[in-house]
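Reading the structure
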Amino acid sequence: MWWAHSRSVAGHRHRLVEHLEGTAKLAERFAVPFGAPELGRLAGLWHDLGKYGCAWQTYRLAAEAGRPADRVGHRLYGAKLAAGCGAVAAAVAIAGHHGGLPSVAELGVALRQVDHGVDAEVLAAARSDWFPTDADGRSLVGPLLPSDGGDVELS
């Protein structure tokens, strides 16, 4: 099971797929006044994709148990996918969701440092956990989770 956060004070956990889908609905609604509901939805769906990495889940378990652990980044994986699909505005929003929006140039530098091996691991784990469907029951995994992150060139 992939989790979005450590246990709450009440002992509950939040499944990562539920967190992503819930955030997508909110972000889509918030982006309507800007005329960009699809970009909002994409940013919500992909903002925490890096939490599908085993390193992040191990970090979360250590933090939950009160053990010291090095922080593990998670925000750049969804940003890389969005940039690779040409959704640069969504990529900037995803990359900045924990500390401020980067410039496109700063984002390009950060994305070139993302480990391609970890990138593949994150996508494979997301696919194994996450099979959203549309109202007719058709899988949305194809258009939402590309086969790889692709090479991203931002100036």
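Definitions and limits used
Residues numbered from 1 in each chain as written. Predicted model: local features only at pLDDT ≥ 70, side-chain atom pairs only at ≥ 80, totals over all residues. Heavy atoms only, no water. Helix = DSSP H or I, 4+ residues; strand = E, 2+ residues; numbered from the N terminus. Buried < 20%, exposed > 50% of the residue type's maximum accessible area, 1.4 Å probe, protein only. Contact = heavy atoms within 4.5 Å. Core = buried A, V, L, I, M, F, W, Y, C linked by side-chain atoms within 4.5 Å. pLDDT = per-residue confidence, 0-100. 1 Å grid on protein atoms, 1.4 Å probe; cavity = no way out; pocket = protein on both sides within 12 Å on 5 of 7 lines; lining within 4 Å. Points joined across faces, edges and corners; volume = space filled by probe spheres on them. Nonpolar A, V, L, I, M, F, W, Y, C, P; charged D, E, K, R; others polar. Phe/Tyr/Trp six-rings, centres within 6.5 Å; stacked < 30°, edge-to-face > 60°.

**As for the environment of Leu61**
Positionally, Leu61 belongs in helix H3 (residues 54-64). Judged by its relative accessible area of 40%, Leu61 falls in the partly exposed class. Spatially, the C-alpha atoms of Leu61 and His5 are 9.3 Å apart, while their sequence positions differ by 56 residues. In this structure, Leu61 is in contact with Arg13 and Arg67, ignoring residues within four places of it in sequence.

**A short note on the nonpolar core**
Grouped together as the largest cluster of nonpolar side chains are 31 residues, with contacts concentrated most on Trp46, Leu49, Tyr52, Ala79, Ala82, Leu107 and Leu111. Every element with two or more residues in this core is listed here: helix H1 (16-31), helix H2 (37-46), helix H4 (76-84), helix H5 (88-95), helix H6 (104-112) and helix H7 (116-129). With 6 residues, the single largest contributor to this core is H4.

**Section: the confidence of the model for the protein chain**
Per-residue confidence for the protein chain gives a mean pLDDT of 80, with 81% of residues at or over 70. Across the protein chain, the secondary-structure element scoring lowest on mean pLDDT is helix H8 (residues 141-144), at 48, and the one scoring highest is H1, at 92. Within the model, the stretch residues 146-152 combines pLDDT values under 50 with 22 contacts to residues more than four positions away or in other chains.

**A closer look at the layout of surface pockets**
Taken as a whole, the largest pocket spans an internal volume of roughly 260 Å³. Residue lining of the largest pocket: Lys51, Trp56, Tyr59, Arg71, Val72, Gly73, His74, Arg75, Leu76, Tyr77 and His98, and that is the complete set. Tallied by class, residues from the lining of the largest pocket come to 5 nonpolar, 3 polar and 3 charged.

**Notes on the packing of aromatic side chains**
Counted under the stated rule, the structure contains 2 aromatic pairs. For the pair Trp56 and Tyr59, a centre-to-centre distance of 6.3 Å together with 65 degrees between the ring planes defines the contact as edge-to-face. Remark: Tyr59 and Trp56 occur in helix H3; sequence separation between them is 3 residues, near one turn of the helix. Classification of Trp56 by relative accessible area gives buried; the value is 7%. On the basis of relative accessible area, Tyr59 is assigned to the buried category, the value being 16%.

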